Every structure is written in structure tokens, then in C-alpha cells.
Amino acid sequence: MVRGTARRLTDLARGRGEPPPGPFRPGFWRSPVRGPWLTSVFGSVLLVGIPVVFVTGLLSYAAYNPELGGGNDRTPGKGVLGFYLFGWPTEPVWLYRVVIGTHVLVGLALLPLILAKLWSVIPKLFTWPAVRSPAHLLERLSLALLVGGAVFELVTGILNIQLFYPWGFSFYTAHLYGAWVFIGAFVTHVALKLPTMVRSLRARRLRDELRTGLAQTVPEEPDEFGLVAESPAAPTISRRGVLGMVGGASLLLVGLAGGQTWGDGLRRTALLAPRGGSFPGDFPVNKTAASRGIRREDTGATWRLEVEGTERTVSFSRADLMEMQQHTERLPISCVEGWSTTQNWTGVRLADLVAMVGTVGPSGVLVSSLQKGGAFSVARLADNQILDPRSLLALRVAGEDLSLDHGFPARVIVPAAPGVHCTKWVTGLRILGSGA
Ligand SMILES: Nc1nc2c(c(=O)[nH]1)N[C@H]1C(S)=C(S)[C@@H](COP(=O)(O)O)O[C@H]1N2
Ligand SMILES: [Mo]
């Protein structure tokens, strides 16, 4: 008796004999619509959508590091991934808005598709024996990276656009490295499965499926992958219904979030977005002055802007800045979290300030702020960004002085740059000479 149990346990461990009861038994999975065709339809949409999200993500990373050109990527430990060849341009002005809007909205649209794809292959997670051979083990590990990577990127991305940071690590680093792990597994998976996908797609015609109602829904042909149920239940939804549900869910997510990317009047439709703001000048505030420890009294008569050049340092009061030639530029500000708004910004040109301290051919600028500590105490802009005549140290927005929450007395605004580089409550500009 003891020996019999021991044998059964060894058999189980080796994956011999009967699979354990429950999801490991083939009869457990009974959906009549699950099958390689349906899986391949989801797969083919993901095959287009995932590269779009990956490429826009890398572009956003490049925008965060405007000096990546010329091997300038300073991210610690970046190693071979620091291969960016170009600096971030300032043209067209809506470049970052489109990049990050596409990344966030296509990423959201993929959520229902990825869940549907996982649902469609779930019996394969319970194959028995769990590991047949070293090659099978490798395949399963790569699937763990694929599924784990997708879930990790979706969860961190969605929590980030909801401004919820329950973890102790940097979103920026984790989402970037997670993307590389995921894309490695994705490329492997596509290389292995593409022929199967193409073959499975040919087995049925989308147009016919879209005409097939519940009553005529029958399982796909039995397959070698074990996706088609051995003993299917009666259908409760047609394949058309499944596709409609998943596609509808994607459209709904995009519809309820898209308004924040567009901004202005459409922001009100973005019910899933965490921020408000509906009239000119009333646009989202990520970090209020109070939350950053910025006190009204530090922005009053005692406030100075120190511009340190290679030749001299000049100190400005706000009145001094107001007396300089003012320029108004209509520029978007676009946060990595997906919201964007276009406003009329008025202030002095960064290039004029550079000229006043005598620096010729600056290589960049370090912007400091009243906000101490963290990334905003010193932000770096690239040479093309300070020299662009539309780049301003803004004093006013939408025809009014900046509010304290929008960065009074002065904030940076640069065309095509991510919002993160538009430092508020600026106190200093350190112009770097041509060698720095
Ligand atoms: N000093 C300072 N400047 C800052 C920030 C900040 O937290 N502190 N947030 C940045 C980010 S991430 C964005 S998207 C823009 C717009 O944010 P806001 O809506 O809080 O002004 O300001 C940028 N400038
Ligand atoms: Mo941001």
C-alpha cells in the first residue's frame, strides 16, 4: 500500500500516468469556441499592436534623454541597450504628444486582447506532463517570460497613468527593462508560432465567421495543440460575439481615455483619466506647489533667476524678465502619463538668456528649481532645445500670469519635449559650454 502510493507519487513527478484531476485533464476545458483560428485572430492583432507600443515606448525613452545622440545615454547600467543614435528633435512640436498618446492608447487597447489571447490558450498552461524534455522546459520558460512580461508592462503602465505608485522601484527603469525582457520573449514566440498562425488563419474566413450566429456555432476542427475541446459544451456565445466583445472592450477603453491626449474640450470625455481641467489655462496639474513644498513667499519679491554662463552670471527679478522682449508660442505640454494640452505660453526665449550671459554654441543647460531633491532639482536640456526660438522661460500662460501650481514665477516650455522637462518654479539656468 505504502509502496503503491510512493510509485504513484514518482509517476506523478515524472509526469507519467494519469494527469491529476482538474485543469490538467483534457475534458476540463469545454468552451466550443476555443481553437487555433480564434487564438490566431487575437495573435495577428497583437502582432501589429505590440511593436507599435514597443517602438513608441523606446521613442518616449529617447525623448526623456534628449542627449542620447552620439552615445550620450547616461542611464546607469544601460550597457548594450544604450544604442540610441539621435538626439530628440524640437520639430514637429506635437511629436511627443503623438508618441506618448499612441503608446498609452494602443497599450490600453491591447489589454482586452491580451486577456482574450491568454484565455484562448489557457488549456496549454496545464499540459501534462508539465515538462516533457529540456526543449519543452525552455519553451515553457520563454512563455513564462512572455506572459509575465506582458502582465508586468500592462500593470505598471496602467497604474502609472492612474498616478498610483504602490511599489518601491522607479517606474521608468522597471517599465523599460520589463519591455526588453518582454520583447525578447515576444520575438522568440513570433518566430516559433508565425507559420502556425498563418496556417490556422487560413482554416476559416473572417467574413464567414462574422456572419455566423450562435445557433450555427460549432467547434473548430480537432487540432494537434489541444486548444479545441475534447468534449465541448453547447455554445453560449458565437465567435462573432467573442470578437465583438473583445473589440468593443478595446474601443471602450480608448474612448474613455483618448480625450486626455487630445486635451481641451475633449478632456471631459476621458472618464478613465485621473485629471480634470476644461478651460484655457485650467489644465492638469501633476504636482501642486503645496505637494512639493513650494511656499508662496519664496516666489515673491525675494525670488531671483540666476543664469550662469561660461562668461558671466546674471541675476534677474521677475520684473527684469517682464521687461525683456516677450514672445508667445502655442505649444503642447504632454505628460508621459498620457494627458496633453496645447496652450499659449508667453515669456522670454531661452536663447535670449543664453546670449545675455555670453555663451556661444552651448552644449546644453541644467535647469534648477525651488523644488529641492528628486529629478526636478536639476533637469538637463540639449543644445537644440535651448536654441530653438520657440523654447521659452514662460512667465504667463493663456494670457495670465502662471498660477503657483503651474510654476509661478517662471517655467520652462520646449517644443516636442515631454512635460517632465518643462520644469516649474525655475530658479537657475546653468548654460554648459561647447565642451561639456
Ligand atoms: N519643479 C517641477 N517641475 C515639473 C514637475 C515637478 O514635479 N516639479 N512635473 C513635471 C511633469 S512630469 C510634467 S508632465 C509637467 C506638467 O506637470 P504639471 O501639470 O504638474 O505642471 O511639469 C513638469 N515640471
Ligand atoms: Mo509628466
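What you are looking at is a predicted structure, and each value in this text was computed from that prediction instead of being measured.

Reading the values: rules and limits
Residues numbered from 1 in each chain as written. Chains lettered and ligands numbered in written order. Predicted model: local features only at pLDDT ≥ 70, side-chain atom pairs only at ≥ 80, totals over all residues. Heavy atoms only, no water. Pairing = 2+ DSSP bridges. Helix = DSSP H or I, 4+ residues; strand = E, 2+ residues; numbered from the N terminus. Axes fitted to C-alpha atoms, helices over the stretch in contact; angles between N-to-C directions. Buried < 20%, exposed > 50% of the residue type's maximum accessible area, 1.4 Å probe, protein only. Near = heavy atom within 4 Å. Polar contact = N/O pair within 3.5 Å; in protein donor to acceptor, adjacent residues only side chain to side chain. Areas by Shrake-Rupley, 256 points an atom, 1.4 Å probe, with all protein chains shown as cover. Nonpolar A, V, L, I, M, F, W, Y, C, P; charged D, E, K, R; others polar. Core = buried A, V, L, I, M, F, W, Y, C linked by side-chain atoms within 4.5 Å. Domains from an automatic or database assignment. Contact = heavy atoms within 4.5 Å. Phe/Tyr/Trp six-rings, centres within 6.5 Å; stacked < 30°, edge-to-face > 60°.

**Observations concerning the sheet that holds strand β2 (residues 313–316)**
With mixed pairing, 5 strands are arranged side by side in an open sheet as β2-β1-β10-β5-β6. The sheet is open, and its two edges are formed by β2 and β6 (378–382), each paired on a single side. The mean angle between the axes of side-by-side strands here comes to 15°, regardless of whether they run parallel or antiparallel. By the bridge criterion, 5 bridges tie strand β5 (residues 364–369) to β6 in an arrangement that is antiparallel.

**Description of the pairing of strand β4 (residues 340–349)**
For β4, the tally of buried residues reaches 8 of 10 residues, placing the bulk of the element in the interior. As paired strands, strand β3 (residues 327–334) and β4 are joined by 8 bridges and run antiparallel to one another. Along β4, the bridge assignment pairs E329 with W345. Where β3 folds back onto β4 in an antiparallel hairpin, the turn is made up of 5 residues, including G338, whose phi is positive at roughly 110°. In the sheet, β4 pairs with strand β7 (residues 392–397) via 5 bridges, with the strands oriented antiparallel. Paired with T346 across the two strands is R396, which belongs to β7.

**Re the site of ligand 1**
The full set close to ligand 1 counts 17 residues, and P284, N286, Q371, R411 and K424 are the nearest of them. Between a nitrogen atom of ligand 1 and a main-chain N or O atom of C422, the distance comes to 3.0 Å. A distance of 2.6 Å separates an oxygen atom of ligand 1 from a polar atom in the side chain of K424. Surface burial for ligand 1 is 97%, taken as the share of its 510 Å² of free accessible area covered by protein chains. A per-class count over the shell around ligand 1 returns 9 nonpolar, 5 polar and 3 charged.

**Remarks on the nonpolar core**
Counting residues in hydrophobic clusters, the biggest one holds 33 residues, and the most contacted among them are W88, Y96, I333, V336, W345, L404 and I413. Going through the elements one at a time, α2 (36–64), α3 (95–120), β3 and β7 are the ones with two or more residues in this core. In terms of domain composition, this core takes at least three residues from each of domain 1 (11–269) and domain 2 (296–432). Setting aside its immediate chain neighbours within four residues, L404 contacts A289, I294, R296, T299 and W425. Grouped together as the second largest cluster of nonpolar side chains are 28 residues, A116, L146, I183 and F186 included.

**Examining the environment of L58**
On the secondary structure map, L58 appears in helix α2. Owing to a relative accessible area of 15%, L58 belongs among the buried residues under this scheme. L58 sits 45 residues away from H103 along the chain, and the two C-alpha atoms are 9.8 Å apart.

**A closer look at the packing of aromatic side chains**
Applying the stated criterion across every chain yields a total of 8 aromatic pairs. Where F24 meets W128, the ring centres are 5.1 Å apart and the plane angle is 75°; that geometry is what we call edge-to-face. Of this pair, F24 sits in the loop between α1 (2–14) and α2 while W128 sits in the loop between α4 (122–125) and α5 (134–161), and the two are 104 residues apart along the sequence. The partly exposed category is assigned to F24, whose relative accessible area is 26%.

**Considering the environment of W94**
By secondary structure assignment, the location of W94 is in the loop between α2 and α3. According to the relative accessible area criterion, W94 is partly exposed, its value standing at 45%. Measuring from C-alpha to C-alpha, the distance between W94 and P332 comes to 6.6 Å, with 238 residues separating the pair along the chain.

**A word on unusual backbone geometry**
E91 connects to P92 through a cis peptide bond whose omega is -10°. Along the chain, P92 turns up in the loop between α2 and α3. Cis geometry is adopted by the peptide bond preceding P129, which originates at W128 and carries an omega value of -5°. With respect to the secondary-structure elements, P129 resides in the loop between α4 and α5. In the Ramachandran plot, W425 falls in the positive-phi region, its phi being about 55° despite a non-glycine side chain. Within the secondary structure, W425 sits in the loop between β9 (411–413) and β10 (426–432). Residue classification places W425 among the buried positions, given a relative accessible area of 1%.

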